[in-house]
Amino acid sequence: MQQDGGPAGPGEAYISGALTTLDDGVRGRLFYELLGEIVVVAGLRAYLPHRATDPVAAPHLDARAVYEVDRAHVSRAQLVVAYGGVPSFGVGIEVEIARQHSVPVILVVERDRPVSRILLGDPAVVEVVRFADLDGLRRSLHDAVVRVRSASRPDGTPQASDHVVVQRFLASLEHAR
């Protein structure tokens, strides 16, 4: 997995998750590492911000530098995997940057956790992976990454798909029940 703040590009998945508000930072970072491993198994490089711009590991970076580095990675990624189980301004901003650059987002959250409807409704969110255990997470996230990759052009950029729009509409009907 990519371990530094090097250049982003095709074939990269940005792993988005709360850092500043984590109650158990070590456990949270290990969870993000797991998300990165799943993405790698699915054939992409993982960019993990906590390895480059973490507020604990890289306190010397000023806020603007963190924004610029992470924004560059999100905007050039093939996809974003965003953990929505802990409310985070940073995750919301990263999802919105992804939307601005037509980068698809896979939202990952525990089955029993509530998630903001504005995050769920963001047009960049093309898949929502809800999980009850780590084995289920591994299978479901891997499959979601493969689906999203298959909906991308050869250069890694996403292509608009009526199928995805219909899936989102049907999913919203399911959630309305």
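Refer to the structure above for everything that follows.
### Thoughts on the overall build of the protein
Looking only at helices and strands, the protein features six helices and five strands. Reading the secondary structure of the protein in the N-to-C direction produces β-α-β-α-β-α-β-α-β-α-α. A separation threshold of at least 6 residues defines the contact pool for the protein, and within that pool the share at least 24 residues apart is 66%.

### Points about the pairing of strand S4 (residues 105-110)
A large share of S4 lies buried, amounting to six of its six residues. Taking every second residue as pointing to the same face, both faces of S4 are buried, with Val105, Leu107 and Val109 on one and Ile106, Val108 and Glu110 on the other. Strand direction decides the pairing type here: S4 and strand S5 (residues 125-131), joined by six bridges, are parallel. If you follow valine 109 over to S5, its bridge partner there is arginine 130.

### What about the sheet that holds strand S1 (residues 12-16)?
Read from one edge of the open sheet, five strands run S2-S1-S3-S4-S5, paired in parallel fashion. Single-partner strands in this sheet number two, and they are strand S2 (45-47) and S5. Each strand axis lies, on average, 25° off the axis of its neighbour in the sheet, ignoring direction. Relative to strand S3 (residues 79-83), S1 runs parallel, the two sharing four bridges. Bridging across to S3, serine 16 finds its partner in alanine 82. Packed on one face of the sheet, helix H2 (residues 63-76) meets S1, S2 and S3 and runs near 130° to S1.

### Here's the deal with the packing of aromatic side chains
A complete count under the given rule lists five aromatic pairs for this structure. Among the aromatic side chains, those forming a connected cluster through ring pairs are Phe31, Tyr32, Tyr83 and Phe131.

### A few points about the environment of alanine 13
Along the chain, alanine 13 turns up in strand S1. Here alanine 13 falls in the buried class, since its relative accessible area comes to 0%. Between the C-alpha atoms of alanine 13 and leucine 44, which are 31 residues apart in sequence, the distance is 6.3 Å. Not counting residues up to four positions away in its chain, the partners in contact with alanine 13 are Val39, Leu44, Arg45, Ala46, Tyr47 and Leu79.

### Things to note about H2
The terminal C-alpha atoms of H2 lie 20 Å apart, and with 14 residues this matches the ideal 20 Å at 1.5 Å per residue to within 8%. Along H2, the residues that are buried comprise Asp70, His73, Val74 and Ser75. Next to the buried residues of H2 lie S1, S2, S3 and helix H3 (89-100).

### Focus on the side chain of glutamate 110
Structurally, glutamate 110 can be placed in strand S4. Here glutamate 110 is buried and forms no salt bridge, its nearest opposite-charge partner arginine 113 lying at an N-O distance of 4.0 Å. Within the structure, the side chain of glutamate 110 is placed 2.7 Å from the side chain of tyrosine 83, a separation counted as a polar contact.

### A look at the nonpolar core
Residues Tyr32, Leu35, Ile106, Val108, Leu137 and Leu141 are the most contacted members of the largest nonpolar core, which totals 26 residues. Elements supplying a minimum of two residues to this core: S1, helix H1 (25-41), S3, S4, S5 and helix H5 (134-150). The element best represented in this core is H1, accounting for six residues. Residue contacts for leucine 137: discarding those within four places in its chain leaves Phe31, Leu34, Leu35, Ile38, Val108, Val129, Phe131 and His142. Listed in part, the 18 residues of the second largest apolar core include Tyr47, Ala77, Ala98 and Leu107.

Rules and cut-offs
- All residue numbers refer to position in the chain's written sequence, counted from 1.
- With the structure being a predicted model, the display of local features is reserved for residues of pLDDT at least 70 and the display and counting of side-chain atom pairs for 80 or more, all residues being used for whole-chain, interface and lining totals.
- As a convention, hydrogens and water are excluded, and side-chain values are obtained from all of the structure's heavy atoms.
- A run of DSSP states H or I qualifies as a helix once it reaches four residues; a run of E qualifies as a strand once it reaches two. Both are numbered from the N-terminal end.
- Contacts between residues were defined by any pair of non-hydrogen atoms, one from each residue, lying within 4.5 Å.
- Think of it in three bands: residues with accessible area under 20% of the maximum for their type are buried, residues over 50% are exposed, and the middle band is partly exposed, with areas taken using a 1.4 Å probe on protein chains only.
- Strands were regarded as paired on the criterion that DSSP finds at least two bridges between them.
- Here an axis means a line fitted to C-alpha atoms, over the contact stretch when the element is a helix, while the angle between two N-to-C directions is reported on a 0 to 180 degree scale.
- What counts as a ring pair is set by centres within 6.5 Å for rings of Phe, Tyr and Trp (its six-membered ring), and what kind of pair is set by the plane angle: stacked under 30 degrees, edge-to-face over 60, tilted for all other angles.
- What a helix is expected to span follows from its residue count: subtract one and scale by 1.5 Å.
- Within this scheme the basic residues Lys and Arg register as positive and the acidic residues Asp and Glu register as negative, but His and the chain ends are omitted.
- For salt bridges, the criterion is a side-chain nitrogen of Lys or Arg within 4 Å of an Asp or Glu carboxyl oxygen.
- Contacts described as polar in this section are N or O atom pairs within 3.5 Å, which, within protein, must combine one atom able to donate a hydrogen with one able to accept it, while residues neighboring in sequence count only if both atoms come from side chains.
- We define the nonpolar core as a collection of buried residues of types Ala, Val, Leu, Ile, Met, Phe, Trp, Tyr and Cys that are connected through side-chain atoms lying within 4.5 Å of one another.

Note that all results are geometric; they support no functional claim without further evidence.
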